Amino acid sequence: MWIFAVLAVCCLGATVSIVQLLSDQSNDEDGNANLAGCGTNVQIDPNADVPSIGDYSSEQIGNAAIIIYVGQDLDVPARGWIIAVATAMQESRLTNLGHLGDQNDHDSQGLFQQRPSSGWGTPEQITDPVYASTKFYEKLLTVDNWETLPLTVAAQRVQISAFPDAYAKHEPVATQIVNTLTGGGGRVSAVDSQMGTCTPSGELSASGWMIPTAGPVWSGFQTPERPTHNGVDIGADRGAPVVAASAGTVITSECNASLYGAPYSCNQDGSPEVAGCGWYVNIVHAGDYLTRYCHFGSAPLVKEGDVVQAGQLLGYVGSSGRSSGPHLHFETHLNADRSPAGAVDPVAFMNQMGAPLG
């Protein structure tokens, strides 16, 4: 059950190790990493010994196991488990807190810092992790379209926190915890409560990711023939929609093209002689992941500073910039580093996120 424990760690540097390990595995005919499981239908035993994960002790991970166990018992889709674990990470660091006295001018208690004065229950009830988790899920299920909302939005609608954006940063580690304890539960569809079947192409995974466009991977990441190719080329027809792979903030939306040092229009097809990405978009996501989408056929439909949801339309496949035909060039980067130094193999990365390309 715990064979993933050595992979599931909490810092960005460790995430690099996970992605690198996946990229080193043998792939099947579809290019999907064989290592990436999609969960087991064996229900978590909340009394079983669990591993420590990164900065979180086995006691804290034990509380995460209880949160997931309750979600399974209530038949809540796997996306809800990740939202709940990330919320408890922000509220209590997965520690079942009593009243904090002078450190807290409210009566917030328990894993989710629920307040008796706000109707969550008695102090005895909300410091019971099973009860507290149940109440969290009951409120989450009343939120319209919660499965497809950005995690921080869904969590905030339950918690009504003074820091509504604070939950987002915990999503990557919450996903790793769920993957570790369930054998890959973050890689099933966001709307599935049953484990074992990976996210179908084009659907949102429980970890909050989906493919940017449908099509085969034509050209791989940093191949011997193209060592400076810092992404993959996805074969898609001209005009095919391109969507955000996960919720995040647009940091670039512009034309980048030149020919022999002179500006070149992105409103026409490029060629191998043209330099640049053409019309393109960069998005920064929770965990400081960055995705890049190149060669749109027209100006992107989003602008710098826009906050986008997973699956939101960014533009349409084209052939602007350095391109020999319509396709999407797609990149994934760590540490919000948009340079080649931050690039990692999108095939391995998206497999880990439960949204396999191809």
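A quick note: this is a predicted structure, and the numbers were derived from the prediction, not measured.

1. Thoughts on the pairing of strand 10 (residues 328-333)
For step 1, the next point in the chain: Burial within strand 10 is extensive, with 6 of its 6 residues counted as buried.
For step 2, the next point in the chain: Burial along strand 10 is two-sided: the residues Leu328, Phe330 and Thr332 and His329, Glu331 and His333 are all buried.
For step 3, the next point in the chain: With 3 bridges connecting them, strand 2 (residues 232-234) and strand 10 associate as antiparallel partners. Across the sheet, residue aspartate 233 finds its bridge partner in strand 10, namely histidine 329.
For step 4, the next point in the chain: Looking at chain direction, strand 7 (residues 289-296) and strand 10 are connected through 5 bridges and run antiparallel. Residue arginine 292 lies in a different strand from strand 10, and its bridge partner there is glutamate 331.

2. As for the nonpolar core
Generally speaking, nonpolar side chains in soluble globular proteins are found buried as a group.
For step 1, the next point in the chain: Core analysis: the biggest nonpolar cluster contains 47 residues, and Ile67, Val85, Leu94, Tyr137, Ile177 and Leu181 have the highest contact counts within it.
For step 2, the next point in the chain: The element best represented in this core is helix 3 (residues 78-92), accounting for 9 residues.
For step 3, the next point in the chain: If you look at the next biggest cluster of nonpolar residues, it comprises 36 residues, including Ile234, Tyr264, Trp279 and Leu314.

3. Notes on the pattern of salt bridges
For step 1, the next point in the chain: As enumerated under the stated definition, the model contains 6 salt bridges in all.
For step 2, the next point in the chain: A salt bridge links aspartate 233 to arginine 226, with the nearest nitrogen and oxygen atoms 3.3 Å apart.
For step 3, the next point in the chain: Taking relative accessible area as the criterion, aspartate 233 reaches 8% and is therefore assigned buried.

4. Here we look at the pairing of strand 6 (residues 275-285)
For step 1, the next point in the chain: Within strand 6, 9 of the 11 residues are buried, which leaves it mostly tucked inside the rest of the structure.
For step 2, the next point in the chain: Pairing between strand 4 (residues 248-259) and strand 6: 9 bridges, direction antiparallel. Its bridge partner being in strand 6, glycine 248 is matched across the sheet by histidine 285.
For step 3, the next point in the chain: Connecting strand 6 to the next strand, strand 7, in antiparallel fashion are 3 residues, including glycine 287 with a positive phi near 85°.

5. Thoughts on the state of the cysteines
For step 1, the next point in the chain: This structure, assessed with the given rule, holds 3 disulfides.
For step 2, the next point in the chain: The side chain of cysteine 38 participates in a disulfide bridge whose partner is cysteine 198; the two sulfur atoms lie 1.8 Å from each other. Where cysteine 38 bonds to cysteine 198 through sulfur, the torsion about that S-S bond is close to 90°, and the disulfide is right-handed. Here cysteine 38, found in the loop between helix 1 (12-23) and helix 2 (58-73), pairs with cysteine 198, found in the loop between helix 7 (171-182) and strand 1 (217-219); they are 160 residues apart in sequence, far enough to count as distant.

Calculation notes
- Residues numbered from 1 in each chain as written.
- Predicted model: local features only at pLDDT ≥ 70, side-chain atom pairs only at ≥ 80, totals over all residues.
- Heavy atoms only, no water.
- Buried < 20%, exposed > 50% of the residue type's maximum accessible area, 1.4 Å probe, protein only.
- Helix = DSSP H or I, 4+ residues; strand = E, 2+ residues; numbered from the N terminus.
- Pairing = 2+ DSSP bridges.
- Core = buried A, V, L, I, M, F, W, Y, C linked by side-chain atoms within 4.5 Å.
- Salt bridge = Lys/Arg side-chain N within 4 Å of Asp/Glu carboxyl O.
- Disulfide = S-S within 2.5 Å.

In short, the description is geometric, and any link to function would need to be established separately.
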